[in-house]
Amino acid sequence: VIVATGNRIAMRPTLETALAALRSGAPVAAKELLAGAVPPAGTVPPAGTVPPAGTVPPAGTVPPAGTVPPVGVPAGAPANPLERATEALRRARESQQAYDRALQDLGAALEALRQQTPQ
């Protein structure tokens, strides 16, 4: 897990330890970061197994299609990029319509105030 804030970055096996490292401010040597995190080259885990948290697959390996959700895709969202984009556009249009209604309500309220206020 890599976390960053401002100009500080921490890489640790878990979110909790990465956040703790950011809070501590202590520098860490690269060999500490990588100790035990990279499996030997050519090592392939058995099919259906999940690697331990904080491990890095050997260079050049690709997980089987459909086993890893796309990065940044919320749970329950369509996996197809076109479907996600279409859904995002639909939500944006709904938000825009709600914003337009709020602006109309605000304009009507301001107009009512103008008519009530003596000039």
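Residues numbered from 1 in each chain as written. Predicted model: local features only at pLDDT ≥ 70, side-chain atom pairs only at ≥ 80, totals over all residues. Heavy atoms only, no water.

## Topic: the environment of Thr117
So, step 1. As for its position among the elements, Thr117 is in the segment after α3 (81-116).
So, step 2. A polar side-chain atom of Thr117 sits 2.7 Å from the main-chain carbonyl oxygen of Leu113. (Helix = DSSP H or I, 4+ residues; strand = E, 2+ residues; numbered from the N terminus. Polar contact = N/O pair within 3.5 Å; in protein donor to acceptor, adjacent residues only side chain to side chain.)

## Comments concerning the confidence of the model for the protein
So, step 1. Averaged over every residue, the pLDDT of the protein is 73; the share at 70 or more is 55%.
So, step 2. Within the protein, no element has a lower average pLDDT than helix α2 (residues 30-34), which sits at 52, and none a higher one than α3, at 91. (pLDDT = per-residue confidence, 0-100.)

## Notes on the nonpolar core
So, step 1. Judged by nonpolar contacts, Val3, Ala10, Ala18, Ala21 and Leu22 together constitute the single largest core of 5 residues.
So, step 2. For this core, the element with the highest residue contribution is helix α1 (residues 15-24), accounting for 3 residues.
So, step 3. With residues up to four places along the chain from it excluded, the contact list for Ala18 reads Val1, Val3, Ala10 and Arg12. (Core = buried A, V, L, I, M, F, W, Y, C linked by side-chain atoms within 4.5 Å. Buried < 20%, exposed > 50% of the residue type's maximum accessible area, 1.4 Å probe, protein only. Contact = heavy atoms within 4.5 Å.)

## A few points about the pairing of strand β2 (residues 8-11)
So, step 1. Pairing between strand β1 (residues 2-5) and β2: 4 bridges, direction antiparallel. What sits directly across from Ile2, in β2, is Met11.
So, step 2. Connecting the antiparallel pair β1 and β2 is a turn made up of 2 residues, with Gly6 showing a positive phi of about 55°. (Pairing = 2+ DSSP bridges.)

## Focus on α3
So, step 1. For α3, which comprises 36 residues, the first-to-last C-alpha distance of 52 Å matches the rise-based estimate of 52 Å (1.5 Å per residue) to within 8%.
So, step 2. Between the side-chain oxygen at the start of α3 and the backbone nitrogen of Leu82 there is a gap of 2.6 Å, and the oxygen is on Asn80. (Expected span 1.5 Å × (residues − 1).)

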